[in-house]
Structures are given as structure tokens and as C-alpha cells.
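Fold and geometry: a report
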Amino acid sequence: MTDSSTFIATLPPNDLSNKKCVVNALNAPTTVLATAKVGTVHLVGAGSGDPELLTLKALRVMQCADVVLYDSLVSEDILDMCEPTAEKIFVGKRRANHALPQEGINELLVKHALAGKTVVRLKGGDPFIFGRGGEELQEVVRHGIFFESIPGITAASAAASRAGIPLTHRDHAQSVQFVTACKKLGAPNNDYSELLDSTQTVVFYMGLHRLDEMTKGLMAAGRDSETPFAIISHASLPTQQVLIGTLKDIAEQQASANLPTPALLIMGDVVTLHGEFAEYNLGALVAPTIEASCV
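In this report, we go over the structure that sits alongside the text. Think of each chain on its own: its residues are numbered from 1, step by step along the sequence as written. Residue-level local features of this predicted model are given only where pLDDT is at least 70; pairs of side-chain atoms are given and counted only at 80 or more, and the full residue set underlies all totals for whole chains, interfaces and linings. Think of the side-chain values as coming from all heavy atoms in the structure, minus any hydrogens and water.

**Considerations on the overall build of the protein chain**
- Numbering of helices and strands runs from the N terminus, with a helix taken as a DSSP run of H or I at least four residues long and a strand as a DSSP run of E at least two residues long. Within the protein chain, the regular secondary structure consists of 11 helices and 12 strands.
- For every residue, the accessible area obtained with a 1.4 Å probe (protein chains only) is divided by the maximum for its type, and the residue is called buried under 20%, exposed over 50%, and partly exposed between those limits. Here the protein chain holds 295 residues, and the buried ones make up 44% of them.
- A 1.4 Å probe and the Shrake-Rupley method give the accessible areas. Residues count as covered only by the protein chains that appear here. Of the roughly 15,100 Å² of accessible surface on the protein chain, 55% is carried by carbon and sulfur atoms.

Okay, structure coming up:
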């Protein structure tokens with residue numbers, strides 16, 4: 001993997017050192033300019049963890065932040081790319097372990113923005129895909145604060161791409177669903193009857209701890225037990241692991257393999273392409289000489 005410092009060094013110099021990353025003044029409505037003393041909130045998707053998958057726009061905003069509120073899925077490499085003088089506040093959540101309740105995070109966003117600061121809310125993946133980004137922006141706009149939302153590569157895209165599992169394929173899947181394994185307040189998502197279409201890929205977020213329950217529920221609802229199934233742990237990172245099985249045996253395999261979180265689950269015929277591509281997939285090969293040959 002390319003050193004992030006090398007990546008940054010190759011970027012063209014920017015002229016943002018004395019500017020707030022609020023709006024482009026040429027396009028800004030007068031109402032925005034009139035509130036210049038109030039800061040702004042920038043909701044930034046940090047992607048899946050690989051710093052090379054961060055967008056250039058995200059990097060630009062991160063480098064002129066006054067305050068960064070970051071989650072547990074934001075890698076250290078990416079956090080190090082933020083403005084060094086910015087105040088960095090950890091507000092991560094992992095299953096039942098929350099550094100701050102959501103209400104506390106909302107209050108921090110509002111507090112720092114109203115103090116005239118450029119606030120970057122840095123989230124793993126994409127903030128609008130199971131990232132509570134919409135909830136946080138609702139609170140921000142209630143207080144009359146302007147915001148910018150910058151998308152990130154969501155875990156489904158990163159995991160599937162790195163593992164060589166296309167989420168759609170004309171011969172295998174004509175649609176894809178992103179599904180959370182848990183609803184609000186931790187309630188399980190048991191709507192299995194909506195996930196029975198064999199021409200559809202289903203991607204489960206935050207479902208590893210419910211794998212056995214979910215696979216049994218899907219089979220009971222009528223999904224074919226031979227449906228290909230993949231677990232992808234630490235998507236796009238050097239520690240990525242992939243486990244391939246079927247709906248009927250993937251839970252048993254995971255009980256032995258014990259792949260760690262964070263992990264993504266992919267169900268559908270497209271999973272069979274992992275094996276077809278594996279021998280030639282540079283993203284799945286741990287071989288520095290092969291990586292170097294692509295420079």
C-alpha cells in the first residue's frame with residue numbers, strides 16, 4: 001500500500017490556509033455570507049479505511065478543520081491527514097459501546113459550529129448509508145447552521161471490489177439491497193421475506209454477531225440454502241479476510257474461522273465470482289512485488 005505521506009505530497013498545493021472551508025464565495029447566497037461568524041459542519045465520509053480511497057474533496061476539507069469529531073472506524077492513517085492543529089474528539093460507537101450518546105454528538109456539532117469553527121464530522125464509509133448522517137444534519141439545520149455533505153466509499157463497495165465480488169452482474173444479479181441487521185434501539189431486523197429474490201444481491205451491515213440467527217431466518221422464510229454467502233472482514237485494509245460459503249454453512253464456518261469485526265456480509269450468486277477472479281485479483285493477493293509492478 002502506498003504511504004499516505006507520499007500520496008499527500010503529490011497533490012497540488014491548495015490556497016486554503018487562510019480560508020474556512022464553508023462555501024465557494026462565487027456561488028454562495030447572500031444569506032450564507034451574512035452568517036460568516038457562525039461556523040459550518042462538514043459531514044465527511046472517510047471511506048473504508050484505506051487512505052488511498054479517500055476523496056480529494058474530503059482531504060481538502062479535513063486539512064482546514066478547526067474541530068474533527070471522528071468515529072471508531074476512521075483509520076489512524078486517515079485521521080493523521082487532518083489539519084494537525086485541529087482539535088480531534090473521539091465519538092465512536094461499536095455495537096453496545098458508545099463513547100457518547102447520539103444526543104451528545106449532536107450537541108458537540110452545534111456547540112463548535114455556533115462558536116464560529118469549521119467542524120468536520122468524520123465518519124467511516126459513507127455518512128448517508130447506515131451512518132446516522134441524516135440525523136446529525138437534522139440537528140445542525142435546526143440551529144440555523146449551514147453544512148456540506150461529502151460522500152465516502154461505503155463498506156459494501158469497498159469490500160465487494162477488493163474481494164472481486166461485483167454487486168451486480170447481468171448474468172447473476174439485476175439489483176442490490178443494502179440492509180442493516182439492527183433497527184433503531186438495537187431491535188433486530190427480521191424482515192427476511194423481502195430478501196428472497198435470487199436475482200438480487202443482499203449486503204448486510206452490522207450483522208456478524210447475528211449471523212446464525214439471520215441465516216436460519218432467511219432459510220425459514222424461503223431463501224435457498226445453497227445461496228452463496230461471503231463474509232468480508234476489515235474491507236480494503238491489509239488485514240482484510242474473506243470467508244466464502246453458503247447460506248446453510250456460513251455460520252458454522254465463521255464459528256471456526258472467527259473473522260473479526262467490522263465485517264460485511266454479502267449474499268447472492270455474485271459471490272461465486274470471487275473464486276473465478278481470485279487468482280488474478282491484485283487486491284486480494286498479498287504480494288508486494290505484484291503491488292509494486294502496478295506503480
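**Structural notes on the sheet that holds strand S6 (residues 118-123)**
- One requirement defines pairing of two strands: DSSP has to find at least two bridges between them. Spatial strand order, S3-S2-S6-S1-S7: 5 strands in an open sheet with parallel pairing. At either margin of the open sheet sits one strand with a lone partner, and together these are strand S3 (87-90) and strand S7 (147-150). Adjacent strand axes in the sheet meet at a mean angle of 15 degrees, parallel and antiparallel pairs treated alike.
- Contacts: residue pairs with any heavy atoms within 4.5 Å of one another. Convention adopted: a line fitted to C-alpha atoms gives each axis, helices being fitted over their contacting stretch, and angles between N-to-C directions are expressed from 0 to 180 degrees. The strands touched by helix H6 (residues 133-142) within the sheet are strand S1 (40-45), S6 and S7, with S1 carrying the most contacts at an inclination of about 175 degrees.

**Examining the pairing of S6**
- Among the 6 residues that make up S6, 6 are buried, leaving the element largely enclosed by the rest of the structure.
- Judged by which residues are buried, S6 turns out to be covered on both faces: Thr 118, Val 120 and Leu 122 on one side and Val 119, Arg 121 and Lys 123 on the other are all buried.
- As defined by bridge partners, S1 adjoins S6 across 6 bridges and the pair is classed as parallel. Within the sheet, the bridge partner assigned to Leu 43 lies in S6 and is Arg 121.

**Concerning the nonpolar core**
- Ranked by size, the top nonpolar core spans 20 residues in total, and within it Phe 204, Leu 211, Leu 218, Phe 229, Ile 231, Leu 265 and Met 267 carry the most contacts.
- Sorting the residues of this core by element identifies strand S9 (200-205), helix H8 (211-221), strand S10 (228-233), helix H9 (250-257) and strand S12 (263-267) as the ones contributing at least two each.
- Not counting the four nearest positions on each side in its chain, Ile 231 is found in contact with Leu 208, Leu 211, Gln 241, Val 242, Leu 243, Ile 250, Gln 254, Leu 259, Ala 263, Leu 264 and Leu 265.
- We call a set of buried Ala, Val, Leu, Ile, Met, Phe, Trp, Tyr and Cys residues a nonpolar core when their side-chain atoms join them within 4.5 Å. Of all hydrophobic cores here, the second largest spans 19 residues; its members include Ala 58, Ile 78, Leu 79 and Met 81.

**Here we look at the sheet that holds S10**
- Pairing within the open sheet is mixed, and its 5 strands lie in the order S8-S9-S12-S10-S11. Edge positions in the sheet fall to strand S8 (175-180) and strand S11 (241-246), since each has one partner strand and no second. Ignoring which end each strand starts from, the neighbouring axes of this sheet average 20 degrees apart.
- Direction of pairing for S10 relative to S12: antiparallel, over a ladder of 5 bridges. Bridge pairing in S12 links Ile 231 to Leu 265.
- Lying over the sheet, helix H7 (residues 155-163) contacts S8, S9, S10, S11 and S12, oriented at roughly 70 degrees with respect to S12.

**A closer look at the packing of aromatic side chains**
- Side-chain rings of Phe, Tyr and Trp, where Trp is taken by its six-membered ring, are said to pair if the distance between their centres is within 6.5 Å; with planes under 30 degrees apart they count as stacked, over 60 as edge-to-face, and otherwise as tilted. Inspection of the entire model under this criterion finds 4 aromatic pairs.
- Each ring, one from Phe 204 and one from Phe 229, has its centre 6.4 Å from the other, and the planes form 15 degrees; the classification is stacked. You can see Phe 204 sitting in strand S9 and its partner Phe 229 sitting in strand S10, a full 25 residues away along the chain. Neither residue differs from the other here; Phe 204 and Phe 229 are each classed as buried.
- Among the aromatic residues, those joined into a ring-pair cluster are Phe 130, Phe 178 and Tyr 205.

**Structural notes on empty space enclosed by the protein**
- For each structure, a 1 Å grid was placed over the protein atoms alone; sets of points admitting a 1.4 Å probe that cannot get out are labelled cavities, open sets with protein on both sides within 12 Å along at least five of seven lines are labelled pockets, and lining residues have an atom within 4 Å of a point. Grid points are joined across faces, edges and corners, and a volume is the space filled by probe spheres set on the points. Using the criterion set out here, one finds 1 cavity of 30 Å³ or more in the structure.
- The space that makes up the largest cavity amounts to roughly 50 Å³.
- In terms of lining, the largest cavity is formed by Val 179, Thr 180, Ala 181, Asn 189, Asp 191, Tyr 192, Leu 195, Phe 204, Arg 210 and Met 214.
- Its residues assigned to classes, the lining of the largest cavity shows 6 nonpolar, 2 polar and 2 charged. Polar here means any residue outside two lists: the nonpolar Ala, Val, Leu, Ile, Met, Phe, Trp, Tyr, Cys and Pro, and the charged Asp, Glu, Lys and Arg; Gly therefore counts as polar.

**Description of the environment of Phe 229**
- Relative accessible area serves as the criterion here: at 1%, Phe 229 is assigned to the buried category.
- Counting along the chain gives 42 residues from Phe 229 to Val 271, while the straight-line C-alpha distance between them is 6.4 Å.

**Looking at H8**
- Within H8 the residues assigned to the buried category are Leu 211, Met 214, Thr 215, Gly 217 and Leu 218. Buried residues of H8 fall within an arc of 160 degrees about the axis and therefore sit on the same side. Within H8, the exposed residues directed more than 90 degrees away from the buried face are Lys 216 and Ala 220.
- Considering only its buried residues, H8 is in contact with S9, S10, H9 and S12.
- Just beyond H8, the residue with positive phi is Gly 222, at close to 120 degrees. To obtain the arc, one takes the directions from the helix axis to the C-beta atoms.

By themselves these figures say nothing about function.
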